[in-house]
Amino acid sequence: MDTRDKWNIKHLDRINQLDKPEPNPRLKKLLTYLKEGGKALDIACGLGGNSMLLAQTDYQVEAMDISDVAINYIQTQAVKENLSIEPRVADLTTLDTNDWQNALYNIMVITYYLDRALFPVVKNSIKDGGYFFMETYYQTPETEGKGVAEQYKLRSNELLEEFRDWKVIYFEENEQEGWQSIFCQKQ
């Protein structure tokens, strides 16, 4: 089974189990920083909970995911709720990210997807004063050997180190649940 099929099956299951996708709770708490609106990019957006939250906060959102099931769901929800979301199917492993640098975003969001090659692209694709939010798995003894392969987990404090020259507004490592989260602003 290829990656697209795997995610299509997962997203179909999720669509059948929920009323509406929820945004990341930490991103939701940080909305006070995101009042100006502008351009947003939600990378590996899944069913679009974060995309919908940003669109409801006056952002013009580009949402991308490998799953056409997820993208079709987001498209339907965006039309139904009159939200400014432009969803598109994209395989991030083969995507030409040079286009992002021409767009210059006010915020970029990545949740539960890790490709370290995207870090320099993110840094170059966010406007000065713009924001970056990321949350994904990290390597902790509590989660070692469980669920996600170690190559798809951050090292302890990795996001702090990677974005050390940005203004870090929020950072947390949750060892019990095995996630790391950062919200930072480009200086």
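What you see is a predicted model; the values in this text were computed from it and never measured.

## Some remarks on the overall build of the chain
Step number 1: Each helix and strand in the chain was counted, giving 7 helices and 7 strands.
Step number 2: Whereas a compact globule of 187 residues would reach a radius of gyration of roughly 16 Å, the chain reaches 16 Å, a difference of no more than 12%.
Step number 3: Once the C-alpha set of the chain is aligned to its principal axes, its extents read approximately 40 × 40 × 30 Å.
Step number 4: The burial tally for the chain puts 49% of its 187 residues in the buried class.
Step number 5: Considering only contacts in the chain between residues 6 or more positions apart, those separated by 24 or more positions represent 58%.
Step number 6: Surface exposure of the chain reaches about 9700 Å², of which carbon and sulfur atoms provide 44%.
Step number 7: Counting 21 positive and 30 negative side-chain charges, the chain places the averaged centre of each group 3 Å from the other.

## Brief notes about unusual backbone geometry
Step number 1: Its identity as a non-glycine residue notwithstanding, Ala44 has a phi of 55 degrees, on the positive side.
Step number 2: By the element assignment, Ala44 lies in the loop between strand 1 (38-43) and helix 3 (49-56).
Step number 3: Classification of Ala44 by relative accessible area gives buried; the value is 15%.
Step number 4: Phi is positive for Asn157, which is not a glycine, with a value near 65 degrees.
Step number 5: Residue classification places Asn157 among the partly exposed residues on the basis of a relative accessible area of 37%.

## Focus: the packing of helix 1 (residues 3-17) against helix 4 (residues 68-80)
Helices that pack against each other are described as a pair by the angle of their axes relative to one another and the distance between those axes.
Step number 1: As a packed pair, helix 1 and helix 4 sit with axes 7 Å apart at the nearest point and diverge in direction by 45 degrees. With respect to each other, helix 1 and helix 4 are oriented oblique. Residue-level inspection shows Arg4, Asn8, His11, Leu12 and Ile15 of helix 1 in contact with helix 4, the latter providing Asp68, Val69, Ala70 and Tyr73.
Step number 2: Grouping the amino acids of the contact of helix 1 with helix 4 by side-chain chemistry returns 5 nonpolar, 2 polar and 2 charged.

## A word on the pattern of salt bridges
Step number 1: Applying the stated rule across the entire model yields 8 salt bridges.
Step number 2: Note that Arg26 is salt-bridged to Glu135, the shortest N-O span being 2.5 Å. Of this pair, Arg26 sits in helix 2 (residues 25-29) while Glu135 is found in strand 5 (residues 126-137), placing the two residues 109 residues apart along the sequence.
Step number 3: Judged by its relative accessible area of 19%, Arg26 is buried.

## Brief notes about the nonpolar core
Side chains of nonpolar character tend, in soluble globular proteins, to be buried together.
Step number 1: Counting 27 residues, the largest nonpolar core has Leu34, Leu54, Tyr59, Val61, Ile85, Ile107 and Phe183 as its most contacted members.
Step number 2: At 5 residues, the largest contribution of residues to this core is made by helix 4.
Step number 3: Apart from residues lying up to four places away in sequence, Phe183 is in contact with Leu30, Tyr33, Leu34, Ile107, Tyr131, Phe132, Phe133, Lys167, Val168, Ile169 and Tyr170.
Step number 4: Core analysis: the second largest hydrophobic core is formed by 23 residues, Ala90, Leu118, Met134 and Phe163 among them.

## Quick word on the environment of Ala149
Step number 1: Summarising the element assignment, Ala149 is placed in the loop between strand 5 and helix 7 (158-162).
Step number 2: For Ala149, a relative accessible area of 38% puts it in the partly exposed group.

Cut-offs applied
- For every chain, the first residue of its written sequence is number 1, and the numbers climb from 1 along that sequence.
- Only residues with pLDDT of at least 70 get local features here, since the model is predicted, and only at 80 or more are side-chain atom pairs given and counted; chain-wide, interface and lining totals rely on the full set of residues.
- To get the side-chain values, all heavy atoms of the structure are used, and hydrogens and water are removed first.
- Numbering of helices and strands runs from the N terminus, with a helix taken as a DSSP run of H or I at least four residues long and a strand as a DSSP run of E at least two residues long.
- Within these notes, the globule rule equals 2.2 Å times the number of residues to the 0.38 power, and the radius of gyration is based on C-alpha atoms.
- A simple rule labels every residue: compare its accessible area, found with a 1.4 Å probe on the protein chains alone, to the largest value its type can have, and call it buried under 20%, exposed over 50%, or partly exposed in between.
- Two residues qualify as a contact provided that any one of their heavy atoms is within 4.5 Å of a heavy atom in the partner residue.
- Surface exposure here means Shrake-Rupley accessible area, sampled with a 1.4 Å probe, where a residue is shielded only by the protein chains that are shown.
- Positive: Lys, Arg. Negative: Asp, Glu. His and the chain ends are not part of the count.
- A charge is said to be at NZ when it belongs to Lys, at CZ for Arg, at CG for Asp and at CD for Glu.
- Simply put, an axis is a line fit to the C-alpha atoms, just over the touching stretch for a helix, and the angle between two N-to-C directions goes from 0 to 180 degrees.
- With respect to orientation, any angle under 35 degrees is reported as roughly parallel, any angle over 145 as roughly antiparallel, any angle of 65 to 115 as roughly perpendicular, and every other angle as oblique.
- Nonpolar residues are Ala, Val, Leu, Ile, Met, Phe, Trp, Tyr, Cys and Pro. Charged residues are Asp, Glu, Lys and Arg, and all others, Gly as well, are polar.
- Should a side-chain nitrogen of Lys or Arg be within 4 Å of a carboxyl oxygen of Asp or Glu, the pair is scored as a salt bridge.
- Here, nonpolar core means buried Ala, Val, Leu, Ile, Met, Phe, Trp, Tyr and Cys residues that are tied together by side-chain atoms lying within 4.5 Å of each other.

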